[in-house]
Amino acid sequence: MRKTVQPVSLNILDKEYKIACAADEKEALINSARELDKQMRKIRDTGKVSSTDRIAVLAALNLAHDSVTTNKDDSVDIGARLAQLRSKIENVLENS
C-alpha cells in the first residue's frame, strides 16, 4: 500500500519551507512546525540570542528535552515505538 505524499508549506520564523509529507501525517507536521516556530520566537524575543542557527538549536533542544521527559512520565513502551518506526521506514523504502 502506497501512501499519498504531498508538499506542505510551513512557515518557521518568517521563512517558508516546503516539506513532502504523507497525507495522514500532514496535521501533525503542521502542529509540530507551529510549536517549533513558537519556541524559536520565544528564544529570539529574549534578545539574548540573535543567530537563527543558534535559535533553532536551542529550540530543538528544548523540544527534545520536553519529549524525553514526557515519555518517561508516560511510561511509553520504547520497543513497540521502535518497531513501529522500523515498519514505517521499511514501508517507505519498499515503495520508493
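Residues numbered from 1 in each chain as written. Predicted model: local features only at pLDDT ≥ 70, side-chain atom pairs only at ≥ 80, totals over all residues. Heavy atoms only, no water.

## Here we look at the side chain of Asp37
Link 1 in the chain: Within the fold, Asp37 resides in helix H1 (residues 26-45).
Link 2 in the chain: Owing to a relative accessible area of 14%, Asp37 belongs among the buried residues under this scheme.
Link 3 in the chain: Look past the residues within four positions of Asp37 in its chain and what remains in contact with it is Asn11, Ile12 and Leu13. (Helix = DSSP H or I, 4+ residues; strand = E, 2+ residues; numbered from the N terminus. Buried < 20%, exposed > 50% of the residue type's maximum accessible area, 1.4 Å probe, protein only. Contact = heavy atoms within 4.5 Å.)

## Thoughts on the nonpolar core
Link 1 in the chain: Of all hydrophobic cores here, the largest spans 12 residues; its members are Val8, Leu10, Ile12, Leu13, Cys21, Ile30, Ala33, Met40, Ile43, Val49, Ile55 and Ala59.
Link 2 in the chain: Contributions of two or more residues to this core are made by strand S1 (5-12), H1 and helix H2 (52-74).
Link 3 in the chain: The leading source of residues in this core is H1, at four residues.
Link 4 in the chain: Setting aside residues up to four positions removed in sequence, Ile12 forms contacts with Tyr17, Ala33, Leu36, Asp37 and Met40. (Core = buried A, V, L, I, M, F, W, Y, C linked by side-chain atoms within 4.5 Å.)

## A word on the pairing of S1
Link 1 in the chain: Across eight bridges, S1 lies against strand S2 (residues 15-22) in antiparallel orientation. Directly across from Val5, in S2, lies its bridge partner Ala22.
Link 2 in the chain: What sits between S1 and S2 in their antiparallel hairpin is a turn of two residues, with Leu13 showing a positive phi close to 50 degrees. (Pairing = 2+ DSSP bridges.)

## Structural notes on the pattern of salt bridges
Link 1 in the chain: Under the criterion given, the structure shown has six salt bridges.
Link 2 in the chain: One salt bridge in this structure joins Asp14 and Arg41, with 2.8 Å as the shortest N-O distance. Of this pair, Asp14 sits in the loop between S1 and S2 while Arg41 sits in helix H1, and the two are 27 residues apart along the sequence.
Link 3 in the chain: For Arg41, a relative accessible area of 24% puts it in the partly exposed group.
Link 4 in the chain: Across the salt bridge formed by Glu35 and Lys38, the nearest N and O atoms sit 3.6 Å from each other. Placement of the pair is Glu35 and Lys38 together in helix H1, with a separation of three residues, close to one helical turn.
Link 5 in the chain: Glu35 sits in the partly exposed class, given a relative accessible area of 28%.
Link 6 in the chain: One continuous salt-bridge network, built from bridges that share partners, spans Asp14, Asp37, Arg41, Arg44 and Asp45. (Salt bridge = Lys/Arg side-chain N within 4 Å of Asp/Glu carboxyl O.)

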